[in-house]
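# Chain and residue survey
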Amino acid sequence: MGNNSLPPFVSKRLGVFLAAMALAETARTMTAIQIPVFLLSLGAGVGQIGFFFTISGGLVLALGIVGGWLSDALGRLRALALGSAAGVFAFAAFALVRIWPLALIGAAFLALSVALTWPSYKAYVADYTSEKYRGRVFGISESAVNLAWIFGAPLGGFLAQNLGFRFMFVGAAMLFALAADVFLILDHLSRRPSRATARPAPTWASMRTSMVQMAALVFSGGLVTWLLITDGVRDVAFRLSFDLMPVYLSDIGGLTIQQIGLLDGMFGIVLVAFGFPAGWFADKTSDRVGLISGLFMVLSSRLAFAFAQGFWGFTLSWSMLAIGVALMDPPIQSLISKGVPQSLRGISYALITTSTGILSLPSPWIGGQLWKLFGPQAPFLFTVALGSLAVVPAWFKLVVPKGPRGGEKGDLKATTG
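## A closer look at the overall build of the chain
- Each helix and strand in the chain was counted, giving 17 helices and zero strands.
- Sequence-distant contacts, at least 24 apart, represent 87% of the contacts inside the chain between residues at least 6 apart.
- Counting every atom, the chain has about 16,800 Å² of accessible surface; 71% of that belongs to carbon and sulfur.

Now the structure itself:
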């Protein structure tokens, strides 16, 4: 029915899947920019907030590989349902804590949620699209999911300012619960007897095999190797300042909690608006050109942020950041999917995130120290200087291997969750 009425890269099942992802992302965006301010309200200082996010990042790294492997072993949708359930427990914990160190309990569950959901989301999209349209599909997918930034961040700011942080966390937990239900329904439909395919039970032996195969790709000196290097430099630089941005907006920029939420809402509008054009740009030029264009824009946004004044000055910087993220994300996800076989996509997304995250683990703490030693603008200026180094490997080394990848499937109907 209606195959001619839809673009070849759009399907109803993918639409429902992205709606569920948008629910989960709304829960996260309601709280993401407010958590540093919430920690301030519990008595944490700038250095302690940097320490908190360093520990939180370490938890994500510790669980990331297992989350990606479970995505490959259990199926994308089951892993997403489990990750959404972990999000419910995370925000319930945040709603209950009264001192900032105990907020690490919520951070642990949130790390488990991220470890399960993000590799599965990216692998699901890659599994069910053809390589010809992959940049555009990732662009559309990112736009659909990032609609959450338009509604989630302002909603979180409104709830936090008018009803309190704890009410905001309860609302986020409810959205995660709804997303988990949708993923379970999709998984049930994809596993009907007429569609089901046998999937072996996860074992440590299968995980070891997947890790050996991934290690061969990582150390081969090819696309995956240079993706790790490029993304590692980029991540180290960006994390120097990212988690300190809400604190800067509050303490230095003088913005209210609700204004910070509105700022993130503006970020979401720009991110959604540029999602599909960015994916189209990557498909029509190259993933490499799209990635480098986005990198330049993000670095420019950090420079603008360091010298911005007033709400509209920060809005300009935030909009530049959104354009940069929109340009970078589809090429990165597309390059990973083209560099590994389908059976390793879950663990590959997790492994690359984990490997680069290990390098950037101390970055929030270092950013906090730069703030204290050299002033509040220092983390943002250091980000610009260090992030510029990622351009060199991105331009010269990110070359897509020729020939089909193993297990490539572009039809959503051909595979199950």
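## Regarding the environment of Ile292
- Mapped onto the elements, Ile292 comes out in helix 12 (residues 287-307).
- Sequence spacing of Ile292 and Leu327 is 35 residues, and the spatial spacing of their C-alpha atoms is 8.5 Å.

## Here we look at a nonpolar patch on the surface
- On the surface, a cluster of nonpolar side chains totalling about 520 Å² of accessible area is made up of Phe89, Ile99, Leu102, Ile105, Phe109 and Leu112.
- It is helix 5 (residues 103-127) that contributes the most residues to the nonpolar patch, three residues altogether.
- Along the polypeptide, Ile105 turns up in helix 5.
- Residue Ile105 is classed as partly exposed on the basis of its relative accessible area, which comes to 44%.

## Observations concerning the side chain of Gln34
- You can see Gln34 is positioned in the loop between helix 1 (12-32) and helix 2 (35-41).
- Every residue in contact with Gln34, bar those within four places of it in the chain, is listed here: Gly156, Gly157, Phe165, Met168, Ile257 and Gly261.

## Quick word on the packing of aromatic side chains
- Counted according to the given criterion, the structure contains 21 aromatic pairs.
- Ring centres of Trp118 and Tyr121 lie 5.1 Å apart, and the angle between their planes is 80°; this geometry places the pair in the edge-to-face category. Of the two residues, Trp118 and Tyr121 are both situated in helix 5; the distance of three residues between them amounts to about one turn of the helix. Accessibility assignment for this pair places Trp118 and Tyr121 in one class, buried.
- Taking 4.8 Å as the distance between ring centres and 45° as the angle between the ring planes, the aromatic pair formed by Phe305 and Phe380 counts as tilted. Of this pair, Phe305 sits in helix 12 while Phe380 is found in helix 16 (residues 378-387), placing the two residues 75 residues apart along the sequence. You'll find Phe305 and Phe380 in the same group, each marked buried.

## Observations concerning the packing of helix 9 (residues 223-239) against helix 13 (residues 310-339)
- Contact geometry of helix 9 with helix 13 gives a least axis separation of 10 Å together with a crossing angle of 150°. By the criterion of interaxial angle, the relationship of helix 9 to helix 13 is roughly antiparallel. Between helix 9 and helix 13 the crossing geometry is left-handed. Seen from helix 9, the contacting residues are Leu223, Val224, Leu227, Asp231, Arg234 and Phe238; seen from helix 13, they are Met328, Ile332, Leu335, Ile336 and Gly339.

## Focus: the pattern of salt bridges
- Under the criterion given, the structure shown has three salt bridges.
- Between Glu25 and Arg28 there is a salt bridge, and its shortest N-O distance comes to 2.8 Å. Pair noted here: Glu25 and Arg28 are both in helix 1, with a separation of three residues, about one helical turn.
- Under the relative-accessibility criterion, Glu25 is labelled buried at 3%.
- According to the relative accessible area criterion, Arg28 is partly exposed, its value standing at 25%.
- Asp72 is paired through a salt bridge with Arg76; the nearest N and O atoms lie 2.6 Å apart.
- The exposure class of Asp72 is buried, given its relative accessible area of 15%.
- What makes Arg76 buried here is its relative accessible area of 5%.

## Notes on the confidence of the model for the chain
- The share of residues in the chain with pLDDT of 70 or more is 86%, and the mean pLDDT across the chain is 79.
- Considering each helix and strand of the chain separately, the mean pLDDT is smallest for helix 17 (residues 391-397), with a value of 69, and largest for helix 4 (residues 76-96), with 92.
- Every residue in residues 1-6 scores below 50 in pLDDT, and together they form one contact with partners more than four places removed in sequence or on other chains.
- Counting contacts from residues 403-417, a segment whose pLDDT is below 50, to residues more than four positions away or on other chains yields 48 contacts.

## Quick word on the packing of helix 5 against helix 6 (residues 134-162)
- Interhelical geometry of helix 5 versus helix 6 gives an angle of 135° and a closest axis separation of 10 Å. On the basis of their axis angle, the class for helix 5 and helix 6 is oblique. For the pair helix 5 and helix 6, the sense of crossing is right-handed. Mapping the contact onto sequence places Trp118, Tyr121, Lys122, Val125 and Ala126 in helix 5 and Arg134, Val137, Phe138, Ser141, Glu142 and Val145 in helix 6.
- Residue composition of the contact of helix 5 with helix 6, grouped by class: seven nonpolar, one polar and three charged.

## As for the side chain of Ser241
- Along the chain, Ser241 turns up in the loop between helix 9 and helix 10 (245-252).
- Residue Ser241 is classed as buried on the basis of its relative accessible area of 0%.
- One polar contact links Ser241 to Thr383, side chain to side chain, over a distance of 2.9 Å.
- For Ser241, the contacting residues outside a window of four places in its chain are Arg302, Pro379, Phe380 and Thr383.

Scoring rules and cut-offs
Residues numbered from 1 in each chain as written. Predicted model: local features only at pLDDT ≥ 70, side-chain atom pairs only at ≥ 80, totals over all residues. Heavy atoms only, no water. Helix = DSSP H or I, 4+ residues; strand = E, 2+ residues; numbered from the N terminus. Contact = heavy atoms within 4.5 Å. Areas by Shrake-Rupley, 256 points an atom, 1.4 Å probe, with all protein chains shown as cover. Patch = residues over 30% accessible without salt bridge, like charges linked within 9 Å, V, L, I, M, F, W, Y side chains within 5 Å. Salt bridge = Lys/Arg side-chain N within 4 Å of Asp/Glu carboxyl O. Buried < 20%, exposed > 50% of the residue type's maximum accessible area, 1.4 Å probe, protein only. Phe/Tyr/Trp six-rings, centres within 6.5 Å; stacked < 30°, edge-to-face > 60°. Axes fitted to C-alpha atoms, helices over the stretch in contact; angles between N-to-C directions. Parallel < 35°, antiparallel > 145°, perpendicular 65-115°, else oblique. Left-handed = near helix turned anticlockwise from the far one by under 90°. pLDDT = per-residue confidence, 0-100. Nonpolar A, V, L, I, M, F, W, Y, C, P; charged D, E, K, R; others polar. Polar contact = N/O pair within 3.5 Å; in protein donor to acceptor, adjacent residues only side chain to side chain.

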